[in-house]
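# Close look at the chain arrangement
Here is what each chain is made of, one letter per residue.
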Amino acid sequence: MPGNAAIEGIDIPASALSDKTSYIETARKGVSGRVVAQAVRVLGHRETFAGLMGTTAGNLNRFYRRPTLAPAQSEALLDMLRVVSRALAAFGDLDRVQQWFDSALPALGGERPIDLCDTFEGRRAVDGIVCKIQYGEFP
């Protein structure tokens, strides 16, 4: 399978985004709330990350100071970053990734990929399309 790309400005080990064992260990150990702040700063979409943390956009900054997120929150954040990482490998740069995430796609029923990323199943749908793009199976 084509690889994932590191996301500059977000302090997650590249192995946690590409290796299942490292991903599981990182999720179980818990990710620092600082990573949430970095993801919002680098990727935007504060509302999506608030949804991943189970809070509102107005209360999201409370998570930034947490030394460690709960395992379920860590896993949701890692899963989102893994989708972004795979999209970065497919598209080549973050600007293209952000444009694609913000574009309505017929393959997603006219939804924008970012709007589906607040749920596990939505991220799987988005990730499936990214994988097809990586393999040249998606126009």
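Let us look at the structure shown here. Remember, it's a predicted structure, so these values are computed and weren't measured experimentally.

Assigned secondary structure in the chain consists of 9 helices and 0 strands. What you see for the chain is a C-alpha radius of gyration of 14 Å, in line with the 14 Å of a compact globule of 139 residues. Principal-axis analysis of the C-alpha atoms gives the chain an extent of 40 × 30 × 25 Å. Residues classed as buried in the chain amount to 43% of the 139 residues present. Considering only residue pairs separated by 6 or more positions, the chain has 63% of its internal contacts joining residues 24 or more positions apart.

We note that H45 has phi near 60 degrees; this positive angle belongs to a residue other than glycine. Among the structural elements, H45 can be located in the loop between helix 3 (33-43) and helix 4 (46-53).

Turning our eyes to something else, we now look at the packing of helix 4 against helix 6 (residues 71-91). Each packed pair of helices is defined by two parameters, the angle between the axes and the distance between the axes. Close contact between helix 4 and helix 6 brings their axes to 8 Å; oriented N to C, the two are set at 145 degrees. Every residue of helix 6 that contacts helix 4 at T48, F49, L52 and M53 is listed here: Q73, A76, L77 and M80. Its residues assigned to classes, the contact of helix 4 with helix 6 shows 6 nonpolar, 2 polar and no charged.

You can see D79 is positioned in helix 6. The class for D79 is buried, based on a relative accessible area of 1%. Side chain to side chain, D79 and R82 meet in a polar contact 3.1 Å long. Not counting residues within four places of it along the chain, the set of residues in contact with D79 comprises Y23, F120, R123 and R124.

What follows covers the nonpolar core. Core analysis: the biggest nonpolar cluster contains 41 residues, and I10, I12, F49, L77, L81 and F101 have the highest contact counts within it. Where this core is concerned, the elements lending two or more residues are helix 1 (14-18), helix 2 (20-29), helix 3, helix 4, helix 6, helix 7 (94-101) and helix 9 (120-134). Among the elements that take part in this core, helix 6 stands out by supplying 10 residues, more than any other. For I12, the residues in contact, after removing those within four places along its chain, are L17, V31, V35, L78 and L81.

The tally for this structure, following the rule as stated, stands at 2 aromatic pairs. Ring plane angle 40 degrees and centroid distance 5.4 Å describe the contact between F91 and W100, whose orientation is recorded as tilted. F91 gets classed as buried once you look at its relative accessible area, which sits at 17%. Since its relative accessible area comes to 10%, W100 is described here as buried. For the pair W100 and F101, a centre-to-centre distance of 5.4 Å together with 85 degrees between the ring planes defines the contact as edge-to-face.

So, about helix 9. Along its 15 residues, helix 9 runs 21 Å from first to last C-alpha, staying within 8% of the 21 Å computed at 1.5 Å per residue. Those residues of helix 9 not exposed but buried are G122, R123, V126, D127, I129, V130, C131 and Q134. For helix 9, the elements touching its buried residues are helix 4, helix 6, helix 7 and helix 8 (113-116). Positioned one or two residues after helix 9, G136 has a phi angle of 75 degrees, which is positive.

Conventions used here
Residues numbered from 1 in each chain as written. Predicted model: local features only at pLDDT ≥ 70, side-chain atom pairs only at ≥ 80, totals over all residues. Heavy atoms only, no water. Helix = DSSP H or I, 4+ residues; strand = E, 2+ residues; numbered from the N terminus. Rg over C-alpha atoms; globule rule 2.2 N^0.38 Å. Buried < 20%, exposed > 50% of the residue type's maximum accessible area, 1.4 Å probe, protein only. Contact = heavy atoms within 4.5 Å. Axes fitted to C-alpha atoms, helices over the stretch in contact; angles between N-to-C directions. Nonpolar A, V, L, I, M, F, W, Y, C, P; charged D, E, K, R; others polar. Polar contact = N/O pair within 3.5 Å; in protein donor to acceptor, adjacent residues only side chain to side chain. Core = buried A, V, L, I, M, F, W, Y, C linked by side-chain atoms within 4.5 Å. Phe/Tyr/Trp six-rings, centres within 6.5 Å; stacked < 30°, edge-to-face > 60°. Expected span 1.5 Å × (residues − 1).

Read these as geometric descriptors, not functional statements.
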